[in-house]
Amino acid sequence: MSEQISVHILDSTLRDGSHALSHQFTAEQVARVARGLDQAGIEMIEVSHGDGLGGSTVTYGFSKQSELELLEAASSVIERGKLAVLLLPGIGTKDDLKMARDLGAKVAQIATHVTEADVAQQHIELAKSMGMEVIGMLMLSHMGSPEKIAEQGKLMERYGADVVLVTDSAGALLPPTVRERVRALRDAIQIGVGFHGHNNLSMAVANSIIAIEEGARWLDACTCGLGAGSGNTPTEVLVAVLDKLGYSSGIDLWKIMDVAEDIVRPIMQKPVRIGKASLTMGYAGVYSSFLLHADKAAEQFGVDPRDVLVEVGKRGAVGGQEDILVEIAMTLAQKNAEVEASPSRRLA
Amino acid sequence: MEQIRAAILGSGNIGTDLMYKLKRSHSLRPTIMAGIIPESEGLARARQQGLAITTDGIEGLLNKKDSFELVFDATTASAHKQHAPMLRAAEKIAIDLTPAAVGPYVVPLVNLEEHVGEPNVNLVSCGGQATVPLVSAMRSASPVEYAEIVATIASKSAGPGTRQNIDEFTDTTARGLERIGGASKGKAIIVLNPAEPPILMRNTIYGIVEESDPEELRKSIEEMVGRIQEYVPGYRLRAKPLIEDFPGRQQKKVTLYVEVEGAGDYLPQYAGNLDIMTSAAVKVGEEIGKHLRAGTWEKDRSEARL
């Protein structure tokens with residue numbers, strides 16, 4: 001039998017997963033989850049605000065506890081794995097990255113919109129100079145052609161990244177579109193290739209496997225499928241599937257199931273599911289992190305969250321533009337009120 | 001009125017746009033543009049507009065130092081760091097549009113008067129020019145505990161300098177919100193959006209302010225918007241100021257949506273982020289000009305203080 005293929009897993013329960021809890025993880029919860037993940041054999045354990053270091057803001061929602069406290073909590077319990085953080089240039093800064101490094105972070109995910117990799121140069125270079133492993137993420141990958149992804153991935157490679165991920169932030173990619181993007185990236189760069197999936201169209205695990213078939217060796221996932229929108233690729237399901245397909249992840253299946261069931265699920269405020277709003281996001285290709293913000297804004301102004309999301313799509317909004325959701329909901333509510341009040345409507 | 005004569009250092013997009021705005025100014029007159037690329041379109045346009053030109057950069061400019069009082073530096077941060085001492089030695093006032101920040105940050109309508117006499121002033125950042133005045137307007141109605149802004153600009157309007165050092169934008173703008181806007185704490189976020197056709201610059205401004213009269217806040221904000229529009233005609237609120245109770249605390253949350261459409265002098269209209277820099281530069285130049293005419297801009301005051 002040929003040698004088993006190893007897949008590197010980054011668990012983002014304590015980063016992307018925090019979207020689903022509106023960034024309300026406590027240090028005590030972080031320590032419990034991180035310890036469980038570490039003992040289950042997770043290679044990289046990511047802890048940050050959902051929108052990355054420095055994301056605790058009015059725009060993206062304030063974290064319950066400071067990043068410093070959460071990173072310290074994780075760092076103090078991780079023995080085998082590596083602590084990872086996320087940074088989105090434009091939101092977090094080099095100072096945030098230095099703080100994370102000082103607290104023991106060994107892996108930095110640096111994420112940009114799929115067409116804007118050049119804003120990450122200074123952060124990738126800084127992380128490398130501090131001895132960190134760098135994973136570049138091309139967010140909203142469905143908005144970039146395979147050629148664009150190859151071109152932007154090359155930039156990240158030039159800046160010093162060790163891995164580049166096709167990042168399906170909207171959960172909008174399907175097996176054929178994952179395949180062509182991962183293939184283009186793999187053909188363009190010498191460094192590692194990976195995939196970060198969202199489950200808005202129920203494709204996260206399947207897309208991850210397609211990515212592996214095309215040469216990806218790095219996958220992001222979250223226990224219980226926690227995460228923005230309909231959540232990420234569920235770690236415990238992914239581990240089971242990888243195992244059945246004969247790939248090695250170094251993760252103990254029973255233990256990761258236990259972490260999901262016994263530690264993470266009781267912390268969850270509500271189940272992550274494919275609801276009509278998150279399904280609309282996958283269908284229309286809207287950034288998954290907008291979900292709870294869109295729901296809240298729609299409720300505040302009495303409009304349908306799907307109308308808000310469709311308008312977001314029309315405006316071509318990219319990751320980070322959570323600020324426009326309230327404005328869109330407010331404008332829609334005004335329009336609705338005008339329609340209600342217009343004489344033609346009453347006649348009809 | 002005696003016009004104050006201005007030099008433009010840098011013949012790129014910013015310098016060229018600035019030239020057209022200066023041509024329209026009643027109190028300033030552009031007399032010379034300095035570049036280093038002889039075939040640059042900016043220099044050709046400057047010549048067409050009747051300006052003297054030099055292709056020898058700062059040296060060429062200083063060879064003709066009797067033809068201007070003010071210098072607008074629209075080159076790069078590293079170039080301006082070299083230009084600044086040379087301009088100072090030549091006793092020229094520098095208005096710095098680069099991120100070099102050799103001199104103090106200035107935002108017209110807010111803090112220029114605090115820096116009378118400075119030989120060199122810096123224009124913060126596009127996000128700072130677009131948002132600091134409104135934070136300051138909130139501040140004049142009520143103490144601002146926290147100000148946060150999200151500036152979203154068209155990818156096409158972000159040059160390589162901005163992209164290679166995006167932290168400069170976030171750090172500088174946040175400090176501007178604090179030191180000039182008067183917020184106890186500031187945070188700035190920038191998002192580049194590649195949509196086609198390119199989007200106009202937009203800024204969302206959040207202020208967490210102490211319990212105060214919403215009407216007074218609204219009035220102060222709207223008044224400031226009107227005053228900004230006098231020098232940035234494409235500056236507008238996209239919606240009425242949203243003023244809500246801040247959950248759990250005796251505070252108000254103010255949300256403002258601002259859009260900046262450029263005048264399209266040379267830069268495209270969507271690049272409101274660049275237009276607001278050249279517009280603010282002209283406004284600062286005009287205010288300095290008033291002082292120069294009145295004899296109240298004491299060039300050596302900042303040195304005398306040492």
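Residues numbered from 1 in each chain as written. Chains lettered and ligands numbered in written order. Predicted model: local features only at pLDDT ≥ 70, side-chain atom pairs only at ≥ 80, totals over all residues.

Concerning the overall build of chain A
Short version of the rule: Numbering of helices and strands runs from the N terminus; a helix is a DSSP stretch of H or I covering at least four residues, while a strand is a stretch of E covering at least two. The size measure is the radius of gyration over C-alpha atoms, and the globule rule it meets is 2.2 Å times the number of residues to the 0.38 power. As a rule, residues whose C-beta atom has 12 or fewer other C-beta atoms within 10 Å are exposed, those with 20 or more are buried, and those in between are partly exposed; C-beta atoms are placed from the backbone.
Along the backbone of chain A there are 14 helices and 8 strands. The C-alpha radius of gyration computed for chain A amounts to 20 Å, which stays within 12% of the reference 20 Å derived for 348 residues, consistent with globular compactness. With the principal axes as the frame, chain A shows a C-alpha extent of 75 × 45 × 40 Å. Looking at chain A residue by residue over its 348 residues, the buried ones come to 62%.

Topic: unusual backbone geometry
Cis rather than trans, the peptide bond between B:Glu196 and B:Pro197 has omega equal to -5 degrees. Checked against the element boundaries, B:Pro197 lands in the loop between strand S8 (185-193) and strand S9 (201-210). Phi is positive for A:Leu140, close to 50 degrees, though the residue is something other than glycine. Locating A:Leu140 in the fold gives a position in the loop between strand S5 (133-139) and helix H5 (146-159). Positive phi is not limited to glycine here, since A:Cys224 has a value of about 60 degrees. The residue A:Cys224 is located in the loop between strand S8 (218-221) and helix H8 (235-244) in this model. Assessed through the 24 C-beta atoms surrounding it within 10 Å, A:Cys224 is described here as buried.

Thoughts on helix H8 (residues 214-229) of chain B
Residues and elements named next belong to chain B. Filter applied, for reference: To estimate the expected span of a helix, subtract one from its residue number and multiply by 1.5 Å. Directions drawn from the helix axis to the C-beta atoms are what define this arc. Think of it this way: build a C-beta for each residue from its backbone, and any pair within 7 Å is a contact.
When the terminal C-alpha atoms of H8 are compared, their 23 Å separation across 16 residues agrees well with the 22 Å that a helix rising 1.5 Å per residue should span. Where H8 is concerned, the buried positions are Leu-217, Ile-221 and Ile-228. Mapping the buried residues of H8 onto a view down its axis gives an arc of 25 degrees, with all of them on the same face. Exposed residues pointing more than 90 degrees away from the buried face of H8 are listed as Glu-215, Glu-216, Glu-223, Gly-226 and Gln-229. On its buried face, H8 sits against helix H5 (126-141), strand S10 (235-237), strand S11 (242-246) and strand S12 (251-260).

A closer look at the domain arrangement of chain B
Residue and element names in this part refer to chain B. This is how it is decided: Residue ranges for the domains trace back to a domain assignment, done automatically or taken from a database.
Each domain of chain B was delimited in the assignment, giving domain 1 (4-123 + 279-305) and domain 2 (126-271). Look at where the C-alpha atoms of domain 1 and domain 2 centre, and you get two points 26 Å apart. With 17 residues of domain 1 at the interface, the matching set in domain 2 holds 18 residues. Sorting the residues of the side of domain 1 that touches domain 2 by element identifies helix H1 (13-24) and helix H9 (272-294) as the ones contributing at least two each.

Digging into the interface of chain B and chain A
The criterion, for reference: Amino acid classes used here: Ala, Val, Leu, Ile, Met, Phe, Trp, Tyr, Cys and Pro are nonpolar; Asp, Glu, Lys and Arg are charged; the rest, including Gly, are polar.
In this assembly, 25 residues from chain B lie in contact with 24 residues from chain A. Taken together, the elements giving at least two residues each to the side of chain B that touches chain A come down to strand S7 (144-154), helix H6 (160-164), helix H7 (166-179), S8, S9 and S12 of chain B. The element that contributes the greatest number of residues to the side of chain B that touches chain A is S8(B), accounting for 6 residues. Residue composition of the side of chain B that touches chain A, by class: 11 nonpolar, 8 polar and 6 charged.

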